[in-house]
Amino acid sequence: MTAVLETKDLSSGYHGHPFVRDLNITVEAGEVVALLGPNGAGKTTTLLAVSGELRALSGEVHFLGNKRVDPLHKRAADGLAFVTEERSVFMQMTTAENFRVGRVDADECLAIFPELRKLMNRPAGLLSGGEQQMVTLARAITRKPKLLLIDELSLGLAPLVVKRLLQVVRSAAKDNGIGVLLVEQKVESALAVADRVYVLRDGKVALQGPSDEVKTRVRELEESYLSARPARHPRIERDL
Ligand code: ATP
């Protein structure tokens, strides 16, 4: 079976300097793969490189079996979706309008998140952070992407909301055969829904394996977090 995503010795970074190095990451259809690691380990950089927002400095990104060097909008046209921590809803528009301009079917979105039904006429700016992420996620899932990249869906959200969002991601992967690469700070929440895990430390894969196996290697996992060096550079505007 062809992997939805396969990186081959991928290195990428900023201003011509690699930060993530020698990454060999695969995601199969229907699989949720978590990308974990401490702050500054390179998780977002990896997603940016996979999406085409950042160039590969060496190595390759294969999407649906084809090597890709093109930008995000081209990969998106072939079924790559990228959901980031920044909630990408139009704040002045209602929930219903957000679905309409996103060209997705509102009923399909409501089938995923029935709790949005009573909020269809409310401006998205007045929804809670969790509800805004539901709108974002519903739009992404109903477009039936082949590969869904998720960067920190849970930032600033209550544990129950995070659980709900991640369970939806899990079901969407299984039911629609979507391959998911999930960056998540909440390790336990991620391990609860992921099939497999990669743990990054200082830009390299420090630990990988099926979630069940990684769960039993908590000590190693903790060491990956504790021994990580602090982020070396202040976060500056991305050099895309
Ligand atoms: P976090 O969990 O804190 O979001 P992360 O694992 O996602 O961290 P990245 O955001 O990928 O880590 O950052 C990896 C390294 O790249 C860090 O040292 C960071 O400071 C650096 N970095 C990120 N963006 C840029 C940029 N635009 N220019 C230069 N360095 C950057």
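Residues numbered from 1 in each chain as written. Predicted model: local features only at pLDDT ≥ 70, side-chain atom pairs only at ≥ 80, totals over all residues. Heavy atoms only, no water.

Details of the overall build of the protein
And step 1. Helix and strand counts for the protein come out as nine helices and eleven strands.
And step 2. Here the C-alpha atoms of the protein give a radius of gyration of 17 Å, agreeing with the 18 Å that 2.2 N^0.38 yields for 240 residues.
And step 3. Along the first, second and third principal axes, the C-alpha set of the protein runs to 45 × 40 × 40 Å.
And step 4. Long-range contacts, defined here as pairs at least 24 residues apart, represent 69% of the contacts in the protein between residues at least 6 apart. (Helix = DSSP H or I, 4+ residues; strand = E, 2+ residues; numbered from the N terminus. Rg over C-alpha atoms; globule rule 2.2 N^0.38 Å. Contact = heavy atoms within 4.5 Å.)

Here we look at the pattern of salt bridges
And step 1. On inspection of all chains with the given rule, the structure shows ten salt bridges.
And step 2. Among the salt bridges present, the one from glutamate 108 reaches lysine 144, with a minimum N-O distance of 3.3 Å. Of the two residues, glutamate 108 is situated in helix α4 (residues 106-112) and lysine 144 in the loop between α5 (129-142) and β8 (147-151); the sequence distance between them amounts to 36 residues.
And step 3. Among the residues examined, glutamate 108 registers a relative accessible area of 35% and is labelled partly exposed.
And step 4. The network of salt bridges with common partners includes Arg68, Asp70, Arg75 and Asp78. (Salt bridge = Lys/Arg side-chain N within 4 Å of Asp/Glu carboxyl O. Buried < 20%, exposed > 50% of the residue type's maximum accessible area, 1.4 Å probe, protein only.)

Some words on the environment of threonine 94
And step 1. By secondary structure assignment, the location of threonine 94 is in the loop between β7 (80-83) and α3 (95-101).
And step 2. Between the C-alpha atoms of threonine 94 and arginine 122, which are 28 residues apart in sequence, the distance is 4.9 Å.
And step 3. Residue contacts for threonine 94: discarding those within four places in its chain leaves Met120, Asn121, Arg122, Pro123 and Ala124.

Let's talk about the packing of α5 against helix α6 (residues 159-176)
And step 1. Where α5 meets α6, the closest approach of the two axes is 10 Å, and the angle between their N-to-C directions is 5°. Classified by the angle between their axes, α5 and α6 sit roughly parallel to one another. Counted together, Gly130, Gln133, Met134, Leu137 and Ile141 of α5 and Val161, Arg164, Leu165, Val168, Val169, Ala172 and Asn176 of α6 form the full contact between these two elements.
And step 2. Residues that form the contact of α5 with α6 fall into these classes: eight nonpolar, three polar and one charged. (Axes fitted to C-alpha atoms, helices over the stretch in contact; angles between N-to-C directions. Parallel < 35°, antiparallel > 145°, perpendicular 65-115°, else oblique. Nonpolar A, V, L, I, M, F, W, Y, C, P; charged D, E, K, R; others polar.)

Structural notes on the pairing of strand β10 (residues 196-201)
And step 1. The buried fraction of β10 amounts to five of the six residues, a majority that puts the element mostly inside the structure.
And step 2. Direction of pairing for strand β4 (residues 32-36) relative to β10: parallel, over a ladder of four bridges. Directly across from alanine 34, in β10, lies its bridge partner valine 197.
And step 3. Adjacent in sequence and paired antiparallel, β10 and strand β11 (residues 204-210) are bridged by two residues, among which aspartate 202 carries a positive phi angle near 50°. (Pairing = 2+ DSSP bridges.)

Quick word on the nonpolar core
And step 1. Leu137, Leu148, Ile150 and Val180 are the most contacted members of the largest nonpolar core, which totals 47 residues.
And step 2. In this structure, isoleucine 150 is in contact with Leu47, Val83, Leu137, Val169, Val180, Leu181, Leu182 and Val183, ignoring residues within four places of it in sequence.
And step 3. With 24 residues, the next largest nonpolar core counts Val33, Val61, Val183 and Leu200 among its residues. (Core = buried A, V, L, I, M, F, W, Y, C linked by side-chain atoms within 4.5 Å.)

A short note on the side chain of glutamate 31
And step 1. Among the secondary structure elements, glutamate 31 is positioned in the loop between β3 (26-27) and β4.
And step 2. Relative accessible area serves as the criterion here: at 11%, glutamate 31 is assigned to the buried category.
And step 3. In terms of polar contacts, glutamate 31 uses its side chain to reach the backbone amide nitrogen of glutamate 28, at 2.8 Å.
And step 4. Ignoring anything within four residues of it in the chain, the contact list for glutamate 31 reads Thr26, Ile178, Gly179, Val180, Asp195 and Arg196. (Polar contact = N/O pair within 3.5 Å; in protein donor to acceptor, adjacent residues only side chain to side chain.)

Here we look at the environment of asparagine 39
And step 1. Relative to the elements of secondary structure, asparagine 39 occurs in the loop between β4 and α1 (43-51).
And step 2. For asparagine 39, a relative accessible area of 59% gives the class exposed.

Structural notes on the environment of valine 183
And step 1. Topologically, valine 183 is positioned in strand β9 (residues 179-183).
And step 2. With a relative accessible area of 0%, valine 183 lands in the buried category.
And step 3. Each residue touching valine 183, except ones within four places of it in the same chain, is listed here: Leu35, Lys43, Leu47, Ile150, Asp151 and Glu152.

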